[in-house]
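Understanding the architecture of this molecule
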Amino acid sequence: MIILKSKREIELMHKAGQLLANCHKEIAKRIKPGITTLEIDAFVEQYLKKHGATPEQKGYKGYEFATCASINDEICHGFPRNTPLQNGDIVTIDMVVNLNGALADSAWSYAVGDVSPQAANLLHVTEEALNKAIEQSVIGSRLGDIGHAIQSYVEGEGYSVVRDFTGHGIGKTIHEPPTVLHYGEPNKGQRLKEGMVITIEPMVNIGAWESKMDDNKWTARTIDGSLSAQYEHTIAITKDGPIILTKQ
Ligand code: MF3
Ligand code: CO
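Owing to the predicted nature of the structure, the values given are computational and were not obtained by experimental measurement.

Here we take up the pattern of salt bridges. Counted by the stated rule, this structure contains 13 salt bridges. The partner of lysine 29 in a salt bridge is glutamate 26, with the nearest N and O atoms 2.9 Å apart. With lysine 29 and glutamate 26 both in helix α1 (residues 7-30) and three residues apart, the pair spans about one turn of that helix. On the basis of relative accessibility, which here comes to 53%, the residue lysine 29 falls in the exposed class. Here glutamate 185 ties to lysine 188 by a salt bridge, and the two come within 3.0 Å at their closest N and O atoms. The partly exposed category is assigned to glutamate 185, whose relative accessible area is 48%. Via salt bridges that share partners, Asp73, Glu74, Arg81, Asp214 and Arg221 belong to a single interconnected network.

Listed below in structure tokens is the structure:
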């Protein structure tokens, strides 16, 4: 059952999303060779606390951190750690903010120092794929339209779309129906309705789409060691079109 949100609920989620967006802007200033993802995680926790919010991921299904920090070939759910980021790395910081019971979810990939042209292009294509999916996020269009917009663009650029992780509805808990696939066929799947709030969060690999799981049972990485990037927004479907609740 998809839980449709009222205007008021969307407003509250928007406030959480704006705080999350501001937090990402602060992270962007701090991402440099030498900083560790544990330091970023500590910054996020303190930033949210200062603004009256909490990190919803911490304690979720036993997850121990405020953020996920996925470096280079890690696709998602990387653990923050105390190894310094290196010039040329790419890192995805993903977090869910709880502000007065309303949630918002957004991941962003960052370049650390100077990255290769290949890495820079991967970041560009992945962000663009998210934008193309958001354009499809209007009342009456279907989930397959979102997946198709991402997949056709990404594969046309010579990259692949991860299948093992998806976007999702979000509300009082992080994961609600529907499942939002980042691949698919146009004009298939559930229709978008006013009041739906979903995440769209394509993970794009330079090489093959398949993933393997680390021994920690959380972190997924590319099967061939190729780089992976991700951009995620929380989107409300409204009469006035999609509202990007986590817009920076
Ligand atoms: N933010 C993630 C998502 O996009 C949720 C991660 S769950 C966690 O679905 F436990 F790893 F934090
Ligand atoms: Co997320």
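Now, onward.
Take the packing of aromatic side chains next. In this structure the tally under the stated criterion is six aromatic pairs. A centroid spacing of 4.9 Å and a plane angle of 65° characterise the contact between tyrosine 63 and tryptophan 218, whose relative ring orientation is edge-to-face. In this pair, tyrosine 63 is assigned in the loop between β1 (54-55) and β2 (67-71) and tryptophan 218 in the loop between β11 (211-213) and β12 (220-222), connecting sequence segments 155 residues apart. Given the relative accessible area of 3%, tyrosine 63 is considered buried. A ring pair is formed by phenylalanine 65 and phenylalanine 79, whose centres lie 5.4 Å apart and whose planes are at 45°; its orientation type is tilted. Taken as a pair, phenylalanine 65 in the loop between β1 and β2 and phenylalanine 79 in the loop between β3 (74-76) and β4 (90-99) lie far apart in primary sequence, 14 residues in all. Note on phenylalanine 65: relative accessible area 16%, which makes it buried. Three or more aromatic residues joined by ring pairs make a cluster, and in this case those are Tyr63, Phe65, Phe79 and Trp218. The ring of tyrosine 153 has lysine 132 sitting right over it, with the charged end atom 4.9 Å from the ring centre. Positioned above the aromatic ring of tryptophan 209, the side-chain terminus of arginine 163 is 4.9 Å from the ring centre.

Quick look at the side chain of aspartate 89 now. Inspection of the secondary structure assignment puts aspartate 89 in the loop between β3 and β4. It turns out aspartate 89 is buried and unbridged, and the closest side chain with the opposite charge, arginine 81, is 8.5 Å from it. A polar side-chain atom of aspartate 89 sits 3.0 Å from a polar atom in the side chain of asparagine 72. Once residues lying within four places of it in the same chain are set aside, the contact partners of aspartate 89 are Ile71, Asn72, Tyr110, Ala111, Val112 and Val115.

In this section: the coordination of the cobalt ion (ligand 2). Between any two of four tetrahedral donors, the ideal angle at the metal is 109.5 degrees; between two of six octahedral donors, it is 90 or 180 degrees. Protein coordination at the cobalt ion (ligand 2): the donors are Asp94 (OD), Asp94 (OD), Asp105 (OD) and Glu232 (OE), at 2.1 to 2.7 Å from the metal. Around the cobalt ion (ligand 2) sit six donor atoms; with metal-centred angles ranging over 53 to 176°, the donor geometry is irregular. One chain supplies every donor to the cobalt ion (ligand 2), and in sequence these donors are spaced D-x10-D-x126-E. Here glutamate 232 lies in the loop between β13 (228-230) and β14 (233-238) and aspartate 94 lies in strand β4, a separation of 138 residues in the sequence. Comparing aspartate 94 with glutamate 232, the two get one shared label, buried.

About the cut-offs
Residues numbered from 1 in each chain as written. Chains lettered and ligands numbered in written order. Predicted model: local features only at pLDDT ≥ 70, side-chain atom pairs only at ≥ 80, totals over all residues. Heavy atoms only, no water. Salt bridge = Lys/Arg side-chain N within 4 Å of Asp/Glu carboxyl O. Helix = DSSP H or I, 4+ residues; strand = E, 2+ residues; numbered from the N terminus. Buried < 20%, exposed > 50% of the residue type's maximum accessible area, 1.4 Å probe, protein only. Phe/Tyr/Trp six-rings, centres within 6.5 Å; stacked < 30°, edge-to-face > 60°. Lys NZ or Arg CZ within 6 Å of the ring centre and 35° of its normal. Lys, Arg positive; Asp, Glu negative; His and termini not counted. Polar contact = N/O pair within 3.5 Å; in protein donor to acceptor, adjacent residues only side chain to side chain. Contact = heavy atoms within 4.5 Å. Donors = N, O, S within 2.8 Å, 3.2 Å for Na, K, Ca; no water. Tetrahedral: all angles 85-135°; square planar, octahedral: opposite > 155°, others 65-115°.

That is the geometry; function is a separate question.
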